[in-house]
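Architecture at a glance
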Amino acid sequence: MAIFFEEDKKLFHLTALNTSYVFQILDAGEVVHRYWGRKYTGNICELMLKDFESRAFSPEHREGVSLDLLLQEYPSSQYGDFREPAYEIVATDGSMMSLLKYKSHRIVQGKAKLEELPATYSDDENDVQTLYLILVDEVIGLEIELQYSVFERKNAITRSVRFINRGDDDIDLQRAFSMSIDFDHSDFKLLHLAGAWARERSIIVEDLEPGIKSIQSRRGASSHQHNPFMALINKNTTEDNGDVFGFSFVYSGNFLAQAEVDQFDKTRVQMGVNPSSFSWLLESGEEFQTPEVVMVYSCSGLGGMSRTYHDLYRENLCRGWYKDKVRPVLANSWEAMYFDFTSDDIVAFAKSAGELGIELVVMDDGWFGKRDQKLLARDVPSSSLGDWYVNSNKIPEGIAELAKKVQQQGVGFGIWFEPEMVSPDSDLFRLHPDWCIQVEGRSMCLSRGQHILDLTRKDVCDYIVKIVSDVLGSGLVSYVKWDMNRNMSNIGSKALPKKRQREVPHRYILGLYSVLERLITAFPNVLFEGCAGGGGRFDPGMLQYMPQLWTSDNTDAISRIGIQIGTSVVYPSIVMGCHVSDVPNHQTGRVTSLKFRGDVAMMGNLGYELDLQKISGEKRKEIKEQIRFYKDIRETVQFGDMYWLGDTDYGKVIGVQYISKDKKNVLVFIYEPFENPNLSTKMVKLKGLNSKATYLLLASNVMTSAQQLMDVGLEVKIPAIDSSMFLQLEMIY
Ligand code: DGJ
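Residues numbered from 1 in each chain as written. Predicted model: local features only at pLDDT ≥ 70, side-chain atom pairs only at ≥ 80, totals over all residues. Heavy atoms only, no water.

**Side note on the sheet that holds strand β22 (residues 360-363)**
Within a sheet, neighbouring strands are paired by backbone hydrogen bonds and run either parallel or antiparallel to one another. With parallel pairing, the 8 strands of this closed barrel are ordered in space as β21-β22-β23-β26-β27-β28-β29-β30. Averaged over all pairs of adjacent strands, the angle between strand axes in this sheet comes to 30 degrees, irrespective of strand direction. In terms of strand pairing, β22 meets strand β23 (residues 412-417) through 4 bridges, oriented parallel. Of the residues in β23, the one forming a bridge with Leu360 is Gly412. Contacting β23, β26 (479-482) and β27 (527-530), helix α6 (residues 458-472) runs over the sheet at an angle of about 160 degrees to β23. Packing of helix α11 (residues 617-639) onto the sheet brings it into contact with β29 (576-581) and β30 (605-609), and relative to β30 it is tilted by some 150 degrees. (Pairing = 2+ DSSP bridges. Helix = DSSP H or I, 4+ residues; strand = E, 2+ residues; numbered from the N terminus. Axes fitted to C-alpha atoms, helices over the stretch in contact; angles between N-to-C directions. Contact = heavy atoms within 4.5 Å.)

As structure tokens, then:
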């Protein structure tokens, strides 16, 4: 049992591995938050705070009780709580007041799917328990179901909310967060992941002060700029010790995450669909389901939180055939050839890749858009999207024949699509100008020369499923790179009535999820890798459909260390696409050694994105050896536990350790990103070893006790030239 209800005190106690989450129903039906943190085994009554106090300027909604002062589970608006509400409505009389009271609850074993939305799941009912807490606003007939699922063995609790209009009149939902929680202090730092295109997910740590700190996306995608994740960490928390409260949103569209410190130094954390550019009309009997937030508690520092997310997302979010499989080493044509290739080039690329031990070749952008002389070929980024006809000048034999030729080289064949988009100069746009996101009477903004198709429409979704299925139908394509290269502006849909125009961004994401669900169901053995100009939609929502995401368009190894370390705060190595590219690097102009580039790319799913035929002699041998080595270690990287090594300050990581779940195989990756010469030897303390065991360092054949490796450290000297090294250890007894 993970969820207990104490009837007499009306207390709910949610317990996962090392954590307790407690809330209580007051006599008048308010739901007050009591505790979240280290597992609580004492008398739960001791947790009860004084709820009833009067304060100046805090209105009382009933005698002696002000919502402004209560720690709440899902705060409403306009009843005297001046902090941020979790939801907002406008009733048909124009009023905005709403107050919730407990009505009933049920506790069930397992976790139901969220309608139309990705969410964590478990194949084993015994792993997870769910509480449905039903609250009502009787005046307007609004019912709200707070959904809590507890992963008993993982320190993870998920939250989401369902709104049901049980009244006769419309309710206009203006805000519908997926969760809200009040902490009784503000002695926290806020950690989040911010950046931009080609420099995604830097770790930002800042103090909380009175007022609101928020991160958000209003771009129609989760965005390069802010990942849908934030954590509160205690001020003395380090990588390995102390409390962390993580919040990660299983959603790929506009979001808002905020932490508000109030006048009494209490902290309210909320996360959900961004209320900006959102509202949802609930007609009588209609429902609205919010996406899910995954809340993780760690008493073993930031690393403890990361490993919980890694396990949960690998085991309880990703799906499909590839979920438990090591991922193929791939070669991608983009930085090797850009738009300038023919099928002969792809076959030669595949031959070269196969000789090196590469397992899959991906034909990236540029293969389509020319059915006849009238149509432009896809030779520049601003043309041809929507015209998914094979360019017969480049690929006269067609995709299926090309795939066969590639497979004859001993490698699988993968292909690039950007199906959510359309170029203005395309057959598709000329035929269906109404199929784009647009506002009547206003010009449409272009970005990368393209418009966004209106995925709120069923006909558009059907079209996308068809064009992708037509290519995958041959059964010869084993991988799809699903790209998306612009953010949403001029938001509107020709298919929706006026009163539902603010539903467009959320309906778009629902449309996208429905398309992906249909495709992965029809083609269960195809590996889908999500991409949005690199990491512009690197979020848990996409992971449910695509167990691999292209981490960043920046392939520079030095930049990549920061991006991959930031990404690893939430996401496991197995989902990160990481490629070795050419030097000087195409994004930064920087030159790094092949060894360094290879080592950095081994932090995730290794791939190559450079002209392989150009590489000969020693370099070719080196790549072959990199691939051989990676195949030897990839199971540990992709399925093991990850620890940051080095200082306890977040982000000041000197290396990364991977250890298999049975603790037998250990990999230590150490780097010096600034390529400083004359470095001294470092003692690097390993983590998470089997403390009673002895390990063999393969490079030197030296045996060392786990205790020594963890307490004293492993002596490491980073080579001045290559600036990085992988060390392998094996448990021997
Ligand atoms: C953006 C992607 O992130 C790149 O890897 C590449 O696929 C290009 N799009 C192709 O246009």
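**Some words on the environment of Asn554**
Within the secondary structure, Asn554 is located in the loop between β28 (548-550) and α9 (557-567). Taking the C-alpha atoms as reference points, Asn554 and Gly246, 308 residues apart in sequence, are found 27 Å from one another. When residues no more than four places from it in sequence are discounted, the contact partners of Asn554 are Ala198, Ser559, Arg560, Ile563, Asn585, Gln587 and Thr588.

**Description of the site of the ligand**
Looking at the ligand, there are 13 residues lining it, with Asp364, Asp365, Lys481, Asp483 and Asp553 nearest. For the ligand, an oxygen atom lies 3.0 Å from a polar atom in the backbone of Gly534. Residues belonging to the shell around the ligand are distributed by class as follows: 4 nonpolar, 3 polar and 6 charged. (Near = heavy atom within 4 Å. Polar contact = N/O pair within 3.5 Å; in protein donor to acceptor, adjacent residues only side chain to side chain. Nonpolar A, V, L, I, M, F, W, Y, C, P; charged D, E, K, R; others polar.)

**Let's talk about the packing of helix α3 (residues 343-356) against α11**
Close contact between α3 and α11 brings their axes to 9 Å; oriented N to C, the two are set at 65 degrees. Counted together, Ser352, Glu355 and Leu356 of α3 and Arg620, Ile623, Lys624 and Ile627 of α11 form the full contact between these two elements.

**Some words on helix α10 (residues 594-601)**
Along α10, 7 of the 8 residues are buried, which leaves the element largely enclosed by surrounding structure. Taken together, the buried positions of α10 are Leu594, Phe596, Arg597, Gly598, Asp599, Val600 and Ala601. Buried positions along α10 lie against α9, β29, β30, α11, β33 (665-671) and β38 (724-731). (Buried < 20%, exposed > 50% of the residue type's maximum accessible area, 1.4 Å probe, protein only.)

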